[in-house]
Amino acid sequence: MADRTLVLGGARSGKSVAAERLLADVPDVVYVATGGNDAGSAEWAERVAKHRSRRPASWGLAETIDLVPLLETPGPPLLIDCLTLWLSRTMDALQVWDSLGRADLVEQQMARLAGAWSSTPRRVVAVSNDVGSGIVPADPATRLFRDLMGRLNTTISLASDQVLWTIAGRTMPLT
């Protein structure tokens, strides 16, 4: 069984469900939600409710983008959903959207995350969007996000024991 699994796919491809299935028989998983609460958004609240309803009641919850301490500490398996929101929120926290020259700060955080991923003592499954298969974004900030997402997915993929691709509800291994 793989210790570090990355589940990739497009939006609404079924990647979160696929990741949850990988850990369905484990009673003490910590579900790590990186999306924040987006207070006041009914649409976001509905998304969160759907995710919660699928998870076993015995699973714990951590809502954070501070993934490194979780990965460095021994404990139950982690399901990180998702790296795409982690990147977006990290860019928010580092004020990169309005100052693209600060991208090196994000890359430093990506390197820290990759290091912790590579050496984690835990079983971990992470979900991430493959955002680079579509059109070239029209604005520099979105192009930067797409490029950083591609680099993050590549780095985490190469440090994973297993990488899965989900498309239209079907999941297949990448070799």
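Turning next to the overall build of the protein chain. If you tally the helices and strands in the protein chain, you get six helices and seven strands. From first element to last, N terminus to C terminus, the protein chain shows the α and β order β-α-β-α-β-α-β-α-α-β-α-β-β. Computed over the C-alpha atoms, the radius of gyration of the protein chain is 16 Å, within 12% of the 16 Å expected from 2.2 N^0.38 for a compact globule of 175 residues. For the protein chain, the C-alpha atoms occupy an extent of roughly 45 × 40 × 30 Å along the three principal directions. Taken across its 175 residues, the protein chain has 42% of its residues classed as buried. Intrachain contacts of the protein chain at a sequence separation of at least 6 include 78% that bridge at least 24 residues.

Moving on, we get to the nonpolar core. The biggest cluster of nonpolar side chains holds 33 residues, and the ones touching the most others in it are Leu71, Ile80, Leu83, Leu87 and Leu152. Of all the secondary-structure elements, those providing two or more residues to this core are β1 (4–9), β2 (30–33), α3 (67–72), β4 (78–81), α4 (83–93), α5 (103–119), β5 (124–129) and α6 (140–158). Looking at this core element by element, the count peaks at seven residues for α5. Discounting chain neighbours no more than four positions away, the residues touching Ile80 are Val32, Thr34, Leu67, Leu71, Trp117, Val124, Val125, Ala126 and Val127. Ranked by size, the runner-up nonpolar core spans 14 residues in total, among them Val7, Val29, Tyr31 and Cys82.

Moving on, we come to the side chain of Ser13. On the secondary structure map, Ser13 appears in the loop between β1 and α1 (15–22). The class for Ser13 is buried, based on a relative accessible area of 6%. Engagement of the side chain of Ser13 in a polar contact is seen with the backbone oxygen of Gly10, the distance being 2.9 Å. Contact partners of Ser13, with chain neighbours within four places excluded, come to Thr166, Ile167, Ala168 and Gly169.

All buried positions along α4 are accounted for by Leu83, Thr84, Trp86, Leu87, Thr90 and Met91. The arc enclosing the buried residues of α4, seen along the axis, measures out at 160°, which places them on a common side. Among the structural elements, β1, α3, β4, α5, β5 and α6 are those in contact with the buried residues of α4.

Turning our attention to α5. For α5, built from 17 residues, the straight-helix expectation of 24 Å at 1.5 Å per residue is met to within 8% by its first-to-last C-alpha distance of 25 Å. Among the residues of α5, Ala103, Val106, Met110, Leu113, Ala114, Ala116 and Trp117 are the ones counted as buried. Buried residues along α5 cover an arc of 165° about the axis, so they all sit on one side. Across from the buried face of α5, at angles greater than 90 degrees, the exposed residues are Ala111 and Ser119.

Evaluated as defined, the whole model comprises one aromatic pair. Across from the ring centre of Tyr31, 3.8 Å away, lies the NZ or CZ of Arg55, which sits over that ring.

Here we come to the environment of Leu85. Relative to the assigned elements, Leu85 resides in helix α4. We classify Leu85 as partly exposed; its relative accessible area is 28%. Along the backbone, Leu85 and Gly35 are 50 residues apart, and their C-alpha atoms lie at a distance of 5.3 Å.

Topologically, Gly10 is positioned in the loop between β1 and α1. Among the residues examined, Gly10 registers a relative accessible area of 23% and is labelled partly exposed. For the pair Gly10 and Asp130, spaced 120 residues apart in the sequence, the C-alpha separation amounts to 5.5 Å. If we skip the residues at most four places from it in the chain, Gly10 touches Lys15, Asn129, Trp165 and Thr166.

Parameters at a glance
- Residues numbered from 1 in each chain as written.
- Predicted model: local features only at pLDDT ≥ 70, side-chain atom pairs only at ≥ 80, totals over all residues.
- Heavy atoms only, no water.
- Helix = DSSP H or I, 4+ residues; strand = E, 2+ residues; numbered from the N terminus.
- Rg over C-alpha atoms; globule rule 2.2 N^0.38 Å.
- Buried < 20%, exposed > 50% of the residue type's maximum accessible area, 1.4 Å probe, protein only.
- Contact = heavy atoms within 4.5 Å.
- Core = buried A, V, L, I, M, F, W, Y, C linked by side-chain atoms within 4.5 Å.
- Polar contact = N/O pair within 3.5 Å; in protein donor to acceptor, adjacent residues only side chain to side chain.
- Arc of directions from axis to C-beta.
- Expected span 1.5 Å × (residues − 1).
- Phe/Tyr/Trp six-rings, centres within 6.5 Å; stacked < 30°, edge-to-face > 60°.
- Lys NZ or Arg CZ within 6 Å of the ring centre and 35° of its normal.

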